[in-house]
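Below are the chains, spelled out letter by letter.
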Amino acid sequence: MDTKTMRLTITVCLLISSLIAWGQHPYPPEKAKWNADSLGNQRAVLRVDGGDKLVKASIAWRNRQVKANQGLIIVDSTNNQLVKPIVYGPMSEEGGDFAFEATSGSGIYYVYYLPYQLGGRSRYYPDAIYLSQPPDDQAWAKIKTNNEAKFLRFESVDEFNRNDPMELIATKAEIQAYLKKYTNENYFIFPELYTHPIKMRSHVPKKWMETNPVAALKGETERGCYYAFQLGIWSAKTDLKNVTVRFSSLESEMGTTLPAEAFDCINTEGTSYKGKPFSATVNVPLSKVQALWCGVHIPEDIKPGTYQGFVYVRPANAPEKRVALSLKVGPTVARNKGIDEPWKMTRLPWLNSTLAQENTVIKPYIPLVVSGDTAISLLGRKLILDRTGFPKQLISYFTPEMTSVGKTSTSLLTEPIHFHVKRKVDGKDIAFKTQGLSFKEKQAGIVSWESHHVSNELRMEVQGSLEFDGFVSYTVGLIARKNITLQDIAMHIPYKPEMASYMMGLGMKGGYRPEQVVWKWDVTKKNQDGAWIGNVNAGMQFSLRDENYTRPLNTNFYLQKPLLLPKSWGNNDKGGIDISMKGPSALVNNYSGERTMRAGDTLYYNFTLLLTPFHPLNTEAQWNERYFHAYKPVDTVKQSGANVINIHHGNALNPYINYPFIATKAMKAYIDSAHRVGLKVKIYNTVREVSNRMYELYPFRSLGHEVFSPGPGKGYSWLQEHLHDDYIAAWFVPFYKDAAIINSGMNRWHNYYVEGMNWLVDRIGIDGIYLDDVAFDRVTMKRIKRVMTKNGHPGLIDLHSANQYNERDGFNNSANLYLEHFPYINRLWFGEYFDYENNKPDFFLTEVSGIPFGLMGEMLQDGGNPWRGMIYGMTNRLPYQKSGPQALWKAWDDFGIKGSRMIGYWVETNPVKTSSPQVLATVYKKEKKAMIALASWENKNVLVDLVINWESLGIDPAKALIRAPQIDGFQPMRIFKIGDKIPVNQNQGWLLIIE
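A brief report on the enclosed structure follows. If you're wondering where the values come from, they're calculated on a predicted model, not measured in any experiment.

## Some remarks on the overall build of the chain
The helix and strand tally for the chain stands at 16 helices and 63 strands. In summary, the chain has a C-alpha radius of gyration of 33 Å against a globular reference of 30 Å for 995 residues, a match within 12%. With the C-alpha coordinates aligned to their principal axes, the bounding extent of the chain is approximately 105 × 75 × 65 Å. In the chain, which comprises 995 residues, the proportion classed as buried is 60%. Summing over all exposed atoms, the chain offers an accessible surface of approximately 38800 Å²; the carbon and sulfur share of this is 50%. Counting 114 positive and 99 negative side-chain charges, the chain places the centres of these two groups 1 Å from one another.

What follows is the structure, encoded as structure tokens:
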């Protein structure tokens, strides 16, 4: 058989073997036919018949991943041995020629044509490095044999790695022949059913070159669901600009109508994650393929029949074309609107969902109340506005213990937050005439206002808003009325020094605020645009932004999509932030430096504030909700003493990262069984990356960089072979071959995420979610909290973070980075790479504990330090450490910690202190008894005295007993007399009962 005939035969065989409709992913995953990580995912099966042992072969793999220097692995099936040497002829993505010695003579030989080895920085971030072999034209020219191997079939390591017809590339010759046949066509439209997603952007599928340009699509659907289809757009003549899509109504043979308004196209229009409608511009570069994913909402009550009409496609620079659409609507009504079958693309409308966008108040928060002309009250706090529109005073009513809201007020500022705009010519402030403050809206969830300021040279327009959780947003537009050179534009935040004890951000690890901070913008390397400053029961975070702000990537990927330098505050790196004592204030000077403005120029000096704490500590939840962070049998968890189960990804219930929609039957059965014995179940599901197993992967890829970040590609072999390029490879689970890619940031994927959470609550019964770092903002966080707490659902959210204070993460602080989410978090787990041994109490308090924000947490890295953890109410979490928290849980229960009042060491009136400033005490107070947690930061073993205010403790010292209960792995049993010195080992402590 000649080479051309052989390649044609191979192509037909490949098409026949590949014509399997897109459907539900096999789960559990199929067992691999061979070890892909040594041989690759694809192979051709050849048969060698008698004659010369030197055999030639030609394979038309039509695979875009194959390069001109592709290396092969050939295995003799008779003895399972590698066949060497291989003589390489011409190799390309279209096909390859090679020769080898058939060591066993006649028989079956496997040709692995994309073999690779795994490299990369770890097994969780692998790179498939494909074998290469330079062609040897001279050796190939010397090959003399008439024995040609016969192609039998292509095989993949499993079904998921199979190349389907949409990945079978057309040859250059086939494309040229097609274009020659249809020379008058400016561009082509290739309709496709949802069952065969368009997967390639730089290559045309062979099957398209076998069709004619008369476009038509026939489909079938049920009533009451969303029916999706695709239009593949391609031009070999010109770039296509601003491609638009419109739809006609579809009419049945009986005269009933499916209206045009029922159709949509996710590529050309949509609803942002903030709930705002938008239109998207679709350009199709020369010789590139663009998939337009369209769909129609089929009414439940529509009459069955065949509905016919047209879809019209029009580039701005080419004639309009139409696609005939025939849709057969059957009599069956889809169950749950078809949403339970995502492989049918029924969830694409989730991209444009506005679910839970309304700004209703979420518990435990209370409605905002405006009193007088300037004061706005919210849970535990009050914002008083100056007539300029900026904060005049921030007041907290949280008690120092942080366990309640009291009546005593604590104010944060020495004077209003204000701007200084200085002329260069004389160095003096421009005097603005303020036209007053007026409220724009007063709702339970948000209050907004505006103010206007005018001078001869400039106009300042201020718009502000406060939400029920304590988030304040300012848009400050500075408009030049004439040409002017300015020495500086700065905003001053004047804290009371006694209310600015702690700080985190701006390159500072959480802890005591230093006397002076000098900081400059460096967005390419540092994820820093503000800081939190405050005390335990009163504080504020500020962040500096402009109108172009977009949330950067985080957690290992900051450097690939960093912050944008604000044009206003950054001012080409002239801006910065200085913090130091100025008169009576700990002054934050946010400056931007010298600049010139032309008449009509506008600069936006936007900023946000977060008023902390958000709510009192929920100590009862801390004592009651005991976490088991692993997928284990329900009985095992019950016996451990835990009552909340976190189901991570990478297991039988939740196999694929951030796409918990595969093993849903098993997940629901497990959750139901847990509920029957009184346990709650939460699942891992967040945004940052998403599994390659998601059904909607290719529709979302068709949106360009809206959902998925641009990037260098690489990563695990499936990504390289099926996505090819332009993505960022993320987390990989070896057991499930789950290879994720990075989301691009704030986009419509978050609408899908909210709808997905709603579905998991309604259909699967989850009790909450476990967030492993967060790549969405507070808008999405509020929405998921709403859908998870509706109708009395618990909606528990715990947040885990690895320490972000490193180069890959831009030297940010996890607590500072995620502070906007804290109002909706139930528990923190700031664990990996957090050093519990070599950091001071102020670091624990600000960066780890969550207490200044109304949260409590747990420890992870190396089990944490249990003694230090206890002064913040923290333990570690099952089953991560050999010495789990069960012994401490038992000590809690034996004492009766539920119902106790927690009085932390940071409270000035704490009734128990020690004689050492490095040995701290937190009290858990009950009626006539107390549990005292001691933790040492001394650099040696010490003896300390307990300094006890017996009256405040409510215990008669004459009758009191101090004992240390036996706690395995924590302390031995011991009795102390009143006045005894307490021996405290270095880095350790005690849990003492006084009664």
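## Some thoughts on helix H10 (residues 749-764)
Under the 1.5 Å per step criterion, the end-to-end length of H10 is 21 Å for 16 residues, consistent within 8% with the ideal 22 Å. Taken across its 16 residues, H10 has 14 buried, putting it largely inside the fold. Looking one or two residues past H10, Gly-765 carries a phi angle of roughly 85°, positive in sign.

## Some details on unusual backbone geometry
In this chain, Lys-84 is followed by Pro-85 through a cis amide linkage whose omega measures -5°. With respect to the helices, strands and loops of the structure, Pro-85 is situated in the loop between strand S4 (81-82) and strand S5 (86-91). Between Thr-612 and the following residue, Pro-613, the backbone shows a cis peptide bond with an omega angle of -5°. For Asn-572, which is not glycine, the phi dihedral falls at a positive 55°. Tracing the sequence through the fold places Asn-572 in the loop between strand S38 (538-545) and strand S39 (576-582). Of note, the phi angle at Lys-714 is positive, near 65°, even though the residue is not glycine.

## Some details on the pairing of strand S37 (residues 530-535)
Summarising burial for S37: six of the six residues are buried, a large majority. Covered by surrounding structure in S37 are Gly-530, Trp-532 and Gly-534 together with Ala-531, Ile-533 and Asn-535, the residues of both alternating faces. The pairing of strand S34 (residues 502-505) with S37 spans four bridges and is classified as antiparallel. The partner of Gly-505 across the bridge, within S37, is Ala-531. Bridge analysis of S37 against S38 gives six bridges, and the strand direction is antiparallel. Note that in S38 the partner of Trp-532 across the bridge is Gln-541. Between S37 and S38, which pair antiparallel one after the other, the connecting turn spans two residues.

## Here we look at the packing of helix H7 (residues 664-676) against H10
When two helices pack together, their arrangement is given by the angle between the helix axes and by the axis-to-axis distance. It is at 10 Å that the axes of H7 and H10 come closest, and there the two elements cross at 60°. When the axis of H7 is compared with that of H10, the two are oblique. Residue-level inspection shows Thr-664, Met-667, Lys-668 and Ile-671 of H7 in contact with H10, the latter providing Trp-759, Arg-763 and Ile-764. Of the residues in the contact of H7 with H10, the class split is four nonpolar, one polar and two charged.

## Looking at a nonpolar patch on the surface
Together, Leu-961, Met-973 and Ile-975 make up an exposed nonpolar region whose accessible area comes to about 280 Å². Looking at the element boundaries, Leu-961 is found in the loop between helix H16 (950-953) and strand S60 (962-964). Assessed through its relative accessible area of 38%, Leu-961 is described here as partly exposed.

## Digging into the side chain of Asn-758
As for its position among the elements, Asn-758 is in helix H10. Owing to a relative accessible area of 12%, Asn-758 belongs among the buried residues under this scheme. Asn-758 has contacts with Leu-355, Val-787 and Lys-790, leaving out every residue within four places of it along the chain.

## Description of the sheet that holds strand S56 (residues 919-926)
The strands that make up a sheet are held in pairs by hydrogen bonds between backbone atoms, and each pair lies either parallel or antiparallel. Ordered by their spatial adjacency, six strands build an open sheet running S54-S56-S57-S63-S60-S61, and the pairing between neighbours is antiparallel. In this open sheet, the two strands that pair with only one neighbour each are strand S54 (901-903) and strand S61 (974-976). The average angle at which neighbouring strand axes cross in this sheet is 25°, direction not considered. Pairing of S60 with strand S63 (residues 989-994) involves two bridges; the strand directions are antiparallel. Across the sheet, the residue bridging to Arg-963 is Ile-993, located in S63. Packing of helix H15 (residues 886-895) onto the sheet brings it into contact with S56, strand S57 (929-936) and S63, and relative to S57 it is tilted by some 150°.

## Comments concerning the packing of H10 against helix H11 (residues 778-789)
As a packed pair, H10 and H11 sit with axes 9 Å apart at the nearest point and diverge in direction by 15°. Compared by their axis directions, H10 and H11 come out roughly parallel. For H10 against H11, the interelement crossing comes out right-handed. Along its contact with H10, which presents His-750, Asn-751, Tyr-753, Val-754, Met-757, Asn-758 and Val-761, the element H11 presents Thr-780, Arg-783, Ile-784, Val-787 and Met-788.

## What to know about the pattern of salt bridges
Throughout the structure, instances matching the rule amount to 39 salt bridges. Between Asp-894 and Lys-890 there is a salt bridge whose closest N-O contact spans 2.8 Å. On the criterion of helical spacing, the pair formed by Asp-894 and Lys-890 is a turn pair, its members being four residues apart in helix H15. Each member of the pair, Asp-894 as well as Lys-890, carries the same accessibility label: exposed. Where salt bridges share partners, they join Lys-682, Asp-798, Arg-827, Glu-858 and Arg-877 into one cluster.

Parameters and conventions
Residues numbered from 1 in each chain as written. Predicted model: local features only at pLDDT ≥ 70, side-chain atom pairs only at ≥ 80, totals over all residues. Heavy atoms only, no water. Helix = DSSP H or I, 4+ residues; strand = E, 2+ residues; numbered from the N terminus. Rg over C-alpha atoms; globule rule 2.2 N^0.38 Å. Buried < 20%, exposed > 50% of the residue type's maximum accessible area, 1.4 Å probe, protein only. Areas by Shrake-Rupley, 256 points an atom, 1.4 Å probe, with all protein chains shown as cover. Lys, Arg positive; Asp, Glu negative; His and termini not counted. Charge placed at Lys NZ, Arg CZ, Asp CG, Glu CD. Expected span 1.5 Å × (residues − 1). Pairing = 2+ DSSP bridges. Axes fitted to C-alpha atoms, helices over the stretch in contact; angles between N-to-C directions. Parallel < 35°, antiparallel > 145°, perpendicular 65-115°, else oblique. Contact = heavy atoms within 4.5 Å. Nonpolar A, V, L, I, M, F, W, Y, C, P; charged D, E, K, R; others polar. Patch = residues over 30% accessible without salt bridge, like charges linked within 9 Å, V, L, I, M, F, W, Y side chains within 5 Å. Salt bridge = Lys/Arg side-chain N within 4 Å of Asp/Glu carboxyl O. Left-handed = near helix turned anticlockwise from the far one by under 90°.

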